[in-house]
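Structural overview for review
The chain contents come next:
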Amino acid sequence: MATLTSPPQPQVPLADAPKPPRRSNVSWRKRWLTSGVLLVILAVLILVPAALVLLAAFSGSVPRPGNISFDLTLDNFSIFKAAQVQDAFLNSMVLAICATVLACGIGASLAFLAARSDIPVPKFIYMIGLMPLFLPSYVGALAWSILGSPNAGLLNIAQQDLGTSVPLDIYSMPGMIFVFAMYYSPYTFLLVHGAMSLMSPDLEEAARVHGATSRGMLRLVSFPLALPALIGSAILTFTLIFENFPVAQVLGTPGGIDTLPTAIFRLLNATPSRGNESAAIAVVLVVIVVFVTWLQNRALRKRSFTTVTGKGVRQKKVTLGRARIPVLLLALVFFLLSIVLPIAALVVTAGQTSPYMTSLSQLTSAGGLDFSSFSDVLDSSSFREAAFNSAVVSVFAAVTGTVLAFVCGYVVYRSKASGRGLVETVSMVPLAIPAVVLGMGLLWTWLVMPIPLYGTLAVLVVAFIAVQSPQGFRGVASSILATDRDLEDSAVMLGASRATAISRVTVPLMKAGLLSTFLLLLMLSMRELTVPLFLYTSDTEILSIAIYDAFENGGALREAAAMSVIYTAFMFVLSYIPRRLARQ
């Protein structure tokens, strides 16, 4: 039988054989182009300031134009041998731990009342838990310095009128813990309220079926399931309080209570400046923040808290019984202490005609109150200039920050660019760097940089973008993840370029999320105080700095209070806009 054989194949010389395809340099550059540009921008905004602080902590001189020393030393850390720094560290830890425990207790209690209980007016309870967030903590501290000053505080004067003598001293450790807890409790409230609102009722119903009381069900089922939100809010609150400078400066300095942030600021502004020692303290501050964050991740690792399933969530309200009215009264007391009394104190101080007051009855006497300070402030050229600077800086920072966050979010979640994970990591770095540390690094960065930004409003814009990059990135990322990519890809398949599809399909679909991120960054820029303290000049003073300086100068107390009331009203308006948009 004949067999079929294939014809012989021509031999191809090895040199002429086709080579396997290789990734061209053009492809490599294309994959790194966008992410590389973003990484350079983020490095200048965030990593360079952080690196300069680290370098200053281990060198003998602070970074200056033409003078960056790489002679490393550990001598700067000998500052921790000083008794003042050791006391500041201990004070920071005690304040942060005690205030965090109290803030979490307040926030979690209000969250439970608003989300899970049959308390009257739950929507109003929700507002009570949220409203301290819209009053900047340093304005609250300034108001409470008016209320609780041991010598001339309005509450102490009221006690004299009533014949009581309960000592109130807000310039003390308990007073600072009280103020910190009030104005940082909304972080716990928001996170725990969200967890309790989404919690599946199945496990709670199972506990009831097996005979558990409402109290036992809450203790054994409900609150343990909300543990991730509680731990997350506790870590966030601890970090924010531990690194807080304005409240510690306003309330701690008069009482002789030093903290690490105030120690850093004092050393940096000493004569001669002790910037290297302040940088050494700053590095330790960052290490503590990073360590606390690591503890949070370790505590929640390998534990399951899944409670939201595909079933509908129809929760049963917990009956408070006879405690309904007393608990409501306690919530109203918190509202009185956190919002009503501070704003009332600012209004009274703005209208008070005499700087010395021995009785509240002086306010009701003829000429005791004169609210012309509000018109004087509004007519003041310095206030208008500070307000204009605040508006310009905040709007530019919010717009630029939102655009940068959108580009970063799109590259991370919608592209296949190389290094996109690194873009996300660098964007979130400021969460681990206290504002007082980043402010110091930004000061040295823009003194060293050949670009003449220092002394202009532009440097404040750059600083706000750097500090708020995590909030902007997370705000935009949530909107990108919630938007279906198929709609954008369909536009590309129909002939549109990718840029056109993004601008005409993706961005309009994300309009609400982008607007919310813009408003968030705008509000954060308006209330930021710590970073501008390092960067402002007499020509670039913004509203938060103007209020702080006016309160530091006792002769301008009325004007400072009037500015604070106007500023607070504007902040409440800003906070209302996102909620209005959410309803629509």
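Our subject is the structure listed above.
Described below are features of the structure shown in this document. (Residues numbered from 1 in each chain as written. Predicted model: local features only at pLDDT ≥ 70, side-chain atom pairs only at ≥ 80, totals over all residues. Heavy atoms only, no water.)

Some thoughts on the packing of aromatic side chains
Counted under the stated rule, the structure contains 13 aromatic pairs. Centre to centre, the rings of F245 and F265 are 4.7 Å apart; their planes meet at 45°, and the pair counts as tilted. Of this pair, F245 sits in the loop between α9 (227–242) and α10 (246–252) while F265 sits in helix α11 (residues 260–268); the two residues are 20 residues apart in sequence, bridging distant segments of the chain. Ring pairs connect the aromatic residues F180, Y184 and Y187, which therefore count as one cluster. (Phe/Tyr/Trp six-rings, centres within 6.5 Å; stacked < 30°, edge-to-face > 60°. Helix = DSSP H or I, 4+ residues; strand = E, 2+ residues; numbered from the N terminus.)

So, the packing of helix α17 (residues 435–448) against helix α18 (residues 457–467)
Viewed as axis vectors pointing N to C, α17 and α18 meet at an angle of 140°, and their least axial separation amounts to 11 Å. Regarding the angle of α17 to α18, the classification is oblique. For the pair α17 and α18, the sense of crossing is right-handed. Note on element contacts: α18 touches α17 through V459, V462, A463, A466 and V467, opposite L438, L442 and W446. A per-class count over the contact of α17 with α18 returns eight nonpolar, no polar and no charged. (Axes fitted to C-alpha atoms, helices over the stretch in contact; angles between N-to-C directions. Parallel < 35°, antiparallel > 145°, perpendicular 65-115°, else oblique. Left-handed = near helix turned anticlockwise from the far one by under 90°. Contact = heavy atoms within 4.5 Å. Nonpolar A, V, L, I, M, F, W, Y, C, P; charged D, E, K, R; others polar.)

Remarks on the pattern of salt bridges
In total, this model carries four salt bridges according to the counting rule given. Here D258 and R266 are joined by a salt bridge, their closest N and O atoms 2.5 Å apart. For R274, the salt bridge is made with E277, and the minimal N-O distance between the two is 2.5 Å. (Salt bridge = Lys/Arg side-chain N within 4 Å of Asp/Glu carboxyl O.)

Focus on the nonpolar core
Judged by nonpolar contacts, the single largest core of 156 residues is most densely connected at I125, L251, W444 and L535. Per-element tally for this core: the top contributor is helix α2 (residues 83–116), with twelve residues. For L535, the contacting residues outside a window of four places in its chain are L442, L443, Y454, V459, L460, A463 and T540. Membership of the second largest hydrophobic core comes to eight residues, among which are A405, F406, M510 and L514. (Core = buried A, V, L, I, M, F, W, Y, C linked by side-chain atoms within 4.5 Å. Buried < 20%, exposed > 50% of the residue type's maximum accessible area, 1.4 Å probe, protein only.)

No statement about biological role is implied by the geometric values presented.
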